[in-house]
Amino acid sequence: MNEALPAVRLRVPTHEDAFAWHRVFDDPEVMEFYGGRPAELSVYEELTARQRRHDAEYGFCLWTLLGDDGEVIGFTGAQPWQPGWGPVGEIEIGWRLGRPYWGRGHATAAARETLDRVRAAGVPGVVAMVRPGNKRSISVTRRLGMTPAETFTHPALNEPALCFRLAFNAPGPRSTPSSNPT
């Protein structure tokens with residue numbers, strides 16, 4: 001399946017994006033695999049501030065994802081894996097979109113742009129941590145050419161967390177066949 005992906009625009013999150021992220025992610029369906037309930041505004045204020053620091057320090061972050069009309073529709077990007085479990089010391093790629101934007105190719109298009117940017121920043125590869133029931137995110141990892149690597153036990157949830165990997169010395173995501181055999 002080689003459908004054209006939408007054009008995406010990514011920007012370093014502003015302070016105002018904390019309010020937009022809070023609004024866009026204020027949906028139990030969106031938050032199903034991120035704790036099950038919407039986070040407080042203060043969580044997004046801290047997260048956007050941290051992403052601005054990451055961009056200044058590393059040259060990448062979780063960027064605000066903008067729709068065609070300039071509206072905030074979510075985020076996509078990469079950051080150092082923060083928790084003290086799982087792929088410690090690795091760079092994790094991630095995405096989260098508001099429910100109205102699911103299934104339109106925005107996550108895949110923005111994640112491909114993220115891969116290009118982190119590769120250009122000298123990162124040798126990335127991981128994606130995904131809960132097993134999150135079929136949409138697992139599909140994105142496959143479209144990016146990522147492969148299942150390890151399974152970690154999530155310490156707070158006491159359930160598996162799947163780790164997908166992509167090394168940049170392997171063929172990049174744009175040259176990976178869309179029908180990945182994994």
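This text follows the structure it describes.
On a predicted model such as this, the values are computed, not experimentally measured, just so you know. (Residues numbered from 1 in each chain as written. Predicted model: local features only at pLDDT ≥ 70, side-chain atom pairs only at ≥ 80, totals over all residues. Heavy atoms only, no water.)

## Considerations on the environment of H15
Part 1 of the argument: Mapped onto the elements, H15 comes out in helix 1 (residues 15–24).
Part 2 of the argument: Expressed as a C-alpha distance, the spacing of H15 and G35, which sit 20 residues apart in the sequence, is 23 Å.
Part 3 of the argument: The residues contacting H15, other than those within four sequence positions of it, are E45 and R52. (Helix = DSSP H or I, 4+ residues; strand = E, 2+ residues; numbered from the N terminus. Contact = heavy atoms within 4.5 Å.)

## Quick notes on the pairing of strand 2 (residues 62–66)
Part 1 of the argument: A large share of strand 2 lies buried, amounting to 5 of its 5 residues.
Part 2 of the argument: Examined bridge by bridge, strand 2 and strand 3 (residues 72–80) share 5 bridges and lie antiparallel to one another. Paired with T64 across the two strands is F75, which belongs to strand 3.
Part 3 of the argument: Linkage of strand 2 to strand 3, two consecutive antiparallel strands, is achieved through a turn of 5 residues, within which G70 is found at a positive phi near 85°. (Buried < 20%, exposed > 50% of the residue type's maximum accessible area, 1.4 Å probe, protein only. Pairing = 2+ DSSP bridges.)

## Remarks on the packing of aromatic side chains
Part 1 of the argument: Tallying each qualifying case throughout the model produces 5 aromatic pairs.
Part 2 of the argument: Between the aromatic rings of F25 and Y44, the centroid separation amounts to 5.9 Å while the plane-to-plane angle is 45°, which identifies the pairing as tilted. Of this pair, F25 sits in the loop between helix 1 and helix 2 (41–58) while Y44 sits in helix 2, placing them 19 residues apart in sequence.
Part 3 of the argument: When the centroid spacing of 5.4 Å and the interplanar angle of 85° are considered together, the rings of F25 and F75 count as edge-to-face. With a gap of 50 residues between them, F25 in the loop between helix 1 and helix 2 and F75 in strand 3 connect regions that are remote in the sequence.
Part 4 of the argument: The class of F25 is buried, set by a relative accessible area of 1%.
Part 5 of the argument: Site record: aromatic cluster; members linked through ring pairs are W21, F25, Y44 and F75. (Phe/Tyr/Trp six-rings, centres within 6.5 Å; stacked < 30°, edge-to-face > 60°.)

## Comments concerning the side chain of T108
Part 1 of the argument: By the secondary structure assignment, T108 is in helix 3 (residues 106–120).
Part 2 of the argument: For T108, the contacting residues outside a window of four places in its chain are L5, V140, R143 and L144.

## What to know about the pairing of strand 5 (residues 125–130)
Part 1 of the argument: For strand 5, the tally of buried residues reaches 6 of 6 residues, placing the bulk of the element in the interior.
Part 2 of the argument: Every second residue of strand 5 is oriented toward a common face, with G125, V127 and M129 on one face and V126, A128 and V130 on the other, all of them buried.
Part 3 of the argument: Alignment of strand 5 against strand 7 (residues 159–167), held across 6 bridges, turns out to be antiparallel. Along strand 7, the bridge assignment pairs M129 with C163.

## With respect to unusual backbone geometry
Part 1 of the argument: Its identity as a non-glycine residue notwithstanding, N158 has a phi of 50°, on the positive side.
Part 2 of the argument: Looking at the secondary structure, you find N158 in the loop between strand 6 (147–154) and strand 7.

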